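Examining the three-dimensional arrangement
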Amino acid sequence: KQEVTQIPAALSVPEGENLVLNCSFTDSAIYNLQWFRQDPGKGLTSLLLIQSSQREQTSGRLNASLDKSSGRSTLYIAASQPGDSATYLCAVPLFIGGGADGLTFGKGTHLIIQP
Amino acid sequence: EAGVTQSPTHLIKTRGQQVTLRCSPISGHTSVYWYQQALGLGLQFLLWYDEGEERNRGNFPPRFSGRQFPNYSSELNVNALELDDSALYLCASSPGRNTEAFFGQGTRLTVV
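What comes next is a walk through the structure. (Residues numbered from 1 in each chain as written. Chains lettered and ligands numbered in written order. Predicted model: local features only at pLDDT ≥ 70, side-chain atom pairs only at ≥ 80, totals over all residues. Heavy atoms only, no water.)

What follows concerns the state of the cysteines. All names here are of chain B. Taken as a whole and assessed by the stated rule, the structure comprises two disulfides over all chains. In this model, cysteine 23 is linked to cysteine 91 through a disulfide, with the two sulfur atoms separated by 1.8 Å. Disulfide cysteine 23 to cysteine 91: torsion about the S-S bond roughly -60 degrees, handedness left-handed. A residue pair is termed long-range when its members are at least 10 positions apart, and cysteine 23 in strand β3 (residues 19–24) and cysteine 91 in strand β9 (residues 87–94) qualify at 68 residues. On the accessibility criterion, cysteine 91 (0% relative accessible area) is buried. (Disulfide = S-S within 2.5 Å. Helix = DSSP H or I, 4+ residues; strand = E, 2+ residues; numbered from the N terminus. Buried < 20%, exposed > 50% of the residue type's maximum accessible area, 1.4 Å probe, protein only.)

Structure below.
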């Protein structure tokens, strides 16, 4: 059974800082890994999808890396802004070696950017 | 292009009642997934529908069920509601296997 862990659980930093969120998963046989953000009481917004053959993906100030062999991914946020405040979730396919069967999520990193 | 839409946004039901939640996927997406996000438990996979068939389900009792219609929209039904069913129910769609999942804004269900 795939398990996903996110560290830290919560993070509060001043505006403008660069920061790194960590995600680890127990089995490396994944097709892809996806990062989401969730605002309080809202749905999930997809940020980045990294295929298993990729090392990283970039979108604006966000950069996500994937190291399958070590079972780790990081989400790098450059020049953080108060609008980045949200919970960030990473997710991998639910079943080891499988895909499109659903996703298993970490519990998220609750991020607060202080103005 | 419209995203994944869910209805209703909020719902209050009494224990023992039944509820139906609805989801319309992004146009062209054939797979629909349902998740439960209960306070303190994180996101849990409920059901996966593809091409009108239930393909997989998570570790939930049979009173959680659903279906997918020919236009790929989906319903989630929960019978005999319990207080612990209070949660945010999220629907996601994707165009196929191993592709990016897009989520709706969710339905907040409160069971009293």
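Right, let's talk about the pattern of salt bridges for a bit. Residue and element names in this part refer to chain B. Tallied over the entire structure, the rule returns seven salt bridges over all chains. For glutamate 75, the salt bridge identified is with arginine 22, shortest N-O distance 3.6 Å. A residue pair is termed long-range when its members are at least 10 positions apart, and glutamate 75 in strand β8 (residues 74–78) and arginine 22 in strand β3 qualify at 53 residues. Classification of glutamate 75 by relative accessible area gives buried; the value is 11%. (Salt bridge = Lys/Arg side-chain N within 4 Å of Asp/Glu carboxyl O.)

Residue and element names in this part refer to chain B. Taken together, four strands build an open sheet; the order of strands is β1-β3-β8-β7 and the sheet is antiparallel. Edge positions in the open sheet fall to β1 (5–7) and β7 (64–68), since each of these has one partner strand only. Within this sheet the neighbouring strands show an average axis-to-axis angle of 20 degrees, counted without direction. As defined by bridge partners, β3 adjoins β8 across five bridges and the pair is classed as antiparallel. The residue bridging cysteine 23 from the neighbouring strand is serine 74, located in β8. (Pairing = 2+ DSSP bridges. Axes fitted to C-alpha atoms, helices over the stretch in contact; angles between N-to-C directions.)

So yeah, pure geometry; function would need other evidence.
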